[in-house]
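Secondary and tertiary structure notes
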Amino acid sequence: MNLHEFQAKHLLAERGVSIPRGYVARSGAEARAAIGRLGGDAWVIKAQVHAGGRGKAGGVKVLNNEDEAADFADSLLGQRLVTKQTDAAGQPIEAVMIEEGLAIERELYLSMLIDRARQRVVCIASAAGGMDIEEVAATAPEQIITIEVHPSAGLQPYQGRQVGFALGLDKRQVGELTAMLQSFYQLFIERDLSLIEINPLVVDSAGSLICLDAKITVDDNAIEVGKQQQLAAMRDLSQEDATEVRAAEHQLNYITLDGNIGCMVNGAGLAMATMDIIQVYGGAPANFLDVGGGTSAAKVTEAFKIILSSPRVEGILVNIFGGIVRCDMIAEGIIAAVREVEINVPVVVRLEGTNVEEGKQLLADSGLDLIPAADLAYAAERVVAAVEQRRP
Ligand code: ADP
Ligand code: MG
């Protein structure tokens, strides 16, 4: 689960980490009031969306005139922001941050995340802040410093100094950075985070280190088991994929992808294999969907509706291996869904396992226009071909 910049900064400030002074506004009037309260002569207006790259996309602007700043904040609210990290529709802007404009001397990069290969929390830093860290990693990997935290020792002060000196900071700044990293690490562990990313971390004209941007991701597992209630309350569903939210309400593991073939599968491994084989036959999956082991006909119906709610879907591949789940029950779900929802794309069904004959019989007797397939490769080939055939 991602947090908004203002929420992330709030968590950081609670730990004594330096952030610019600022306020959140949800209307033009609130923005104007915030500008007045901040005073000064430079204001930064920042769209609050769950996506980076806002600056380049026109979602962050530094202004030196109160009216212009208030007008710009007002103009962002209610719009959608498209950045290179969003899809073409972009993310809705329901809040903006109004911050004091800082005089920036240097822009650095700092993050903390879990390195799965090393099985450790690692801290990544670079003097090349403000740019995409992926680009720095690709073009100038020597500019990236990585330290790993031993889980029983925790983050050590010497590691903070190591990062600080590598970034070319002076003695006072190294002290600030060391304290900052220790605050990050405590926050990371106590709040079950999977990412803290500060890009940029800046040195201001007074030589102080300040987190100018902040991204925090919370481990979804912690939220699901109810461990992080305060963070869970910060969830903003308007920033999430509506279809994924709806699927989660029905306990369906669904992820929107950008292909054209909808997949309904039971079991995450089989779902992955199904997506792969669709690619092998020249198609592209429109989603990942695991309907789960103990599924019901009603859930299958809902899954169908969710898949079909995407305008991208030009064909559907149902691939069910009935181990715990019975094929006849899946067939009932498919039939109910097809009767309920208007389906105008080809549907290929591959059923295997418990009660497969009963399942196939139900589908055959239904009189519905479903394409049966005996094995997975054939099913993938059929669905890709059926979609191709329909193309003008
Ligand atoms: P994003 O990463 O989504 O583009 P940032 O918060 O990093 O958004 O802002 C983009 C750029 O805007 C920063 O790299 C910085 O140059 C400038 N900026 C952001 N906040 C401030 C601020 N408070 N004062 C001065 N400049 C700022
Ligand atoms: Mg940034």
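Each remark here, short or long, concerns the structure printed above.
This write-up is about the structure you can find in this document.

Parameters at a glance
Residues numbered from 1 in each chain as written. Chains lettered and ligands numbered in written order. Predicted model: local features only at pLDDT ≥ 70, side-chain atom pairs only at ≥ 80, totals over all residues. Heavy atoms only, no water. Donors = N, O, S within 2.8 Å, 3.2 Å for Na, K, Ca; no water. Helix = DSSP H or I, 4+ residues; strand = E, 2+ residues; numbered from the N terminus. Buried < 20%, exposed > 50% of the residue type's maximum accessible area, 1.4 Å probe, protein only. Polar contact = N/O pair within 3.5 Å; in protein donor to acceptor, adjacent residues only side chain to side chain. Contact = heavy atoms within 4.5 Å.

1. Considerations on the coordination of the magnesium ion (ligand 2)
Ideal coordination angles are 109.5 degrees for a metal with four donors arranged tetrahedrally and 90 or 180 degrees for a metal with six donors arranged octahedrally. At the metal site, the magnesium ion (ligand 2) is ligated by N199 (O) and D213 (OD), and these contacts range over 2.1 Å. Taken together, the residues span a long stretch of sequence, with N199 in strand 10 (residues 193-204) and D213 in the loop between strand 11 (209-211) and strand 12 (215-218) at a distance of 14 residues. Judged by its relative accessible area of 18%, N199 is buried.

2. What to know about unusual backbone geometry
For the bond from N199 to P200, the omega torsion is 10 degrees, close enough to zero to count as cis. Structurally, P200 can be placed in strand 10. In the Ramachandran plot, Q119 falls in the positive-phi region, its phi being about 55 degrees despite a non-glycine side chain. Mapped onto the secondary structure, Q119 falls in the loop between strand 7 (104-115) and strand 8 (120-126). Even without a glycine there, the phi angle at Q251 is positive, about 55 degrees. Note that Q251 resides in the loop between helix 9 (242-249) and strand 13 (253-256). For Q251, a relative accessible area of 59% gives the class exposed.

3. A short note on the side chain of Q91
Tracing the backbone shows Q91 in strand 5 (residues 91-92). One polar contact links the side chain of Q91 to the main-chain carbonyl oxygen of Q239, over a distance of 2.8 Å. The residues contacting Q91, other than those within four sequence positions of it, are V49, H50, Q79, R80, L81, T86 and Q239.

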